[in-house]
Amino acid sequence: MQKPSTRGKRLSFAWRLGFLYAALFLVVGCYLPYLPVWLDWRKLNADQIAVLLAAPLFTRILCTPVISFIADRIGGRRAILIGLAWGALLSFLLLWGAQGFWQMLLASVVLAVNFTTIMPLIETVAVSGLRNGAIDYGRVRLWGSLSFIAASFGSGIAIGWAGAGIVLPLLAAAAALMVLAAHLLPRELAGEGAAAPAVLRRLRLGDALRLARAPLFLLFLLAAALIQASHSLLYSFGTLNWRAQGFPDGVIGVLWSVGVIAEVALFAVSGRVIALCGTARLLMVAGLAATLRWAVMAVEPPLWTTALLQTLHAMSFGAAHLAAIHFLTHAVPEDRAATAQGIYASVVAGLVMGGVTVASGPLYRSFGGEAYAAMALLALIGAACAFRLMQLWRGGLIVGAQEDR
């Protein structure tokens, strides 16, 4: 009688977590391709757009590790997720009503405090399920990717029909769904076999600092940061560049969707890919795929070539993300899981991606699509760092679970 009950709880956990991923990526699928379009519609220039897009990335440098450490310290990840989801909804409404660059900048910072930590905390919940066999990470995460496809494609059609002003109403509606999904998470977030809250409460600041100083962790962060940050130009000015090439909004929505469809295919077979390739090697392959992708994008290829290049998103982003999740699962003790995710988000999607995003404004203004050559160089350096990680890491913990006690 116990086994069916346990299986039912795990299925419920997987479906609820998948729904939260789907709601989150409804937001991301509209925000990432089309917020720059909305900002351009609000008459901001390229440098101002770059600053507004980078502001959340820099804000998360401090906010995400602090909130993640608190989540590990008190063990209250569900409550924190609910609070952040509500804060994100209110922040989008604030941005919607903002007037002028400075009000928009303030709204972007408030949004960052709430929204940028949601993803690391959800990933922490997923890692807990992965550790104890409650979920297949890739098969749960792919619901987020499918949602991104629907959001990017649907938003492109909506913009073509109603204009760029529709972007913020769409974001607010998606954020409201995310609030609902956060409330639907079960109170026992990690499922059977997870660390007890009492263990999480014993976490000390010194534990987090020892993790942050671990040489292999730093090497991993450098590799992942350079590979992921090489996407900054695409995320900031990809849609505007494709518009400048004459691609219609509906076609641009399809281009974003093509990349994520390829990502979904990878996530569907993620277990076999990791078993075949290995974590660090997969990260290196992702860097090489990103190098190829941006090198060809730098010559502003025709539509059919651009569509083919978008399939490389499965490797340049998807494989890099998959490798990062498995590294954090197997290299970091569970009592520091949220802290590790927070540091990862702070450095990779905060410090490094924020810096590259700011630089993307002047680069795009000066060189247009040719600026992708700089992204190719970043990805190549990241691949070299991943190759070194592959040589040094043997697959075990990089800091001991009990060494600090």
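Residues numbered from 1 in each chain as written. Predicted model: local features only at pLDDT ≥ 70, side-chain atom pairs only at ≥ 80, totals over all residues. Heavy atoms only, no water.

S.K.: Summarise the overall build of the protein; cite the residues concerned and give the values.
M.R.: Of regular secondary structure, the protein possesses 18 helices and zero strands. Sorting the 405 residues of the protein into buried and exposed places 59% on the buried side. A separation threshold of at least 6 residues defines the contact pool for the protein, and within that pool the share at least 24 residues apart is 88%. For the protein, the exposed surface amounts to about 15600 Å²; the carbon and sulfur share of it is 70%. (Helix = DSSP H or I, 4+ residues; strand = E, 2+ residues; numbered from the N terminus. Buried < 20%, exposed > 50% of the residue type's maximum accessible area, 1.4 Å probe, protein only. Contact = heavy atoms within 4.5 Å. Areas by Shrake-Rupley, 256 points an atom, 1.4 Å probe, with all protein chains shown as cover.)

S.K.: Go over the packing of aromatic side chains, please, and point to the residues and values.
M.R.: Here the structure, examined in full by the defined rule, presents 12 aromatic pairs. A ring pair is formed by W15 and W143, whose centres lie 5.8 Å apart and whose planes are at 40 degrees; its orientation type is tilted. One end of the pair, W15, is in helix α1 (residues 2-41); the other, W143, is in helix α6 (residues 137-162), and 128 residues separate them in sequence. Among the aromatic residues, those joined into a ring-pair cluster are F217, F220, F327, Y344 and W393. (Phe/Tyr/Trp six-rings, centres within 6.5 Å; stacked < 30°, edge-to-face > 60°.)

S.K.: Please give an account of unusual backbone geometry that cites residues and values.
M.R.: Unusually for a residue other than glycine, K43 sits at a positive phi of about 70 degrees. Tracing the backbone shows K43 in the loop between α1 and α2 (46-74). In this structure K43 comes out as exposed when scored by relative accessible area, which is 73%. Residue E300 is not a glycine yet carries a positive backbone phi of 50 degrees. Structurally, E300 can be placed in the loop between α14 (279-297) and α15 (303-310).

S.K.: Go over the pattern of salt bridges with me, naming the residues and quoting the values.
M.R.: All told, the structure shown has two salt bridges when counted by the stated rule. Ionic pairing is found between D47 and R365, a salt bridge with its closest N-O pair at 2.5 Å. Residue D47 is found in helix α2, and its partner R365 is found in helix α17 (residues 337-367); the two are separated by 318 residues along the sequence. Overall, D47 belongs to the partly exposed group, its relative accessible area being 34%. With a shortest N-O distance of 3.6 Å, R141 and E263 are connected by a salt bridge. With a gap of 122 residues between them, R141 in helix α6 and E263 in helix α12 (residues 249-268) connect regions that are remote in the sequence. With respect to class, R141 is no different from E263; both count as buried. (Salt bridge = Lys/Arg side-chain N within 4 Å of Asp/Glu carboxyl O.)

S.K.: Explain the nonpolar core residue by residue, including any values.
M.R.: Counting 136 residues, the largest nonpolar core has F217 and F220 as its most contacted members. By residue number, the principal contributor to this core is α1, which donates 17 residues. Setting aside residues up to four positions removed in sequence, F217 forms contacts with L211, A212, F327, L328, A340, I343 and I398. (Core = buried A, V, L, I, M, F, W, Y, C linked by side-chain atoms within 4.5 Å.)

S.K.: Please provide a residue-by-residue account of empty space enclosed by the protein, values included.
M.R.: This structure, assessed with the given rule, holds three cavities of 30 Å³ or more. Counted as a void, the largest cavity has a volume near 940 Å³. If you go around the largest cavity, you meet 42 residues; those closest to its centre are V28, R60, Y235, A349 and M353. When residues in the lining of the largest cavity are grouped by element, the largest group, seven residues, is from α17. (1 Å grid on protein atoms, 1.4 Å probe; cavity = no way out; pocket = protein on both sides within 12 Å on 5 of 7 lines; lining within 4 Å. Points joined across faces, edges and corners; volume = space filled by probe spheres on them.)

S.K.: Describe the side chain of N114, listing the residues and the values that go with them.
M.R.: Position of N114 among the secondary structure elements: in helix α4 (residues 100-115). According to the relative accessible area criterion, N114 is buried, its value standing at 15%. A distance of 3.3 Å separates the side chain of N114 from the side chain of S91, its partner in a polar contact. Those residues in contact with N114 that sit more than four places away from it in its chain are G83, L84, G87, A88 and S91. (Polar contact = N/O pair within 3.5 Å; in protein donor to acceptor, adjacent residues only side chain to side chain.)

S.K.: Can you tell me about the environment of I118, naming the residues and giving the values?
M.R.: Along the polypeptide, I118 turns up in helix α5 (residues 118-131). The sequence separation of I118 and S68 amounts to 50 residues, and the corresponding C-alpha distance is 9.5 Å. Once residues within four sequence positions are removed from consideration, I118 is found in contact with L24, L81, L84, A85, A88 and M178.

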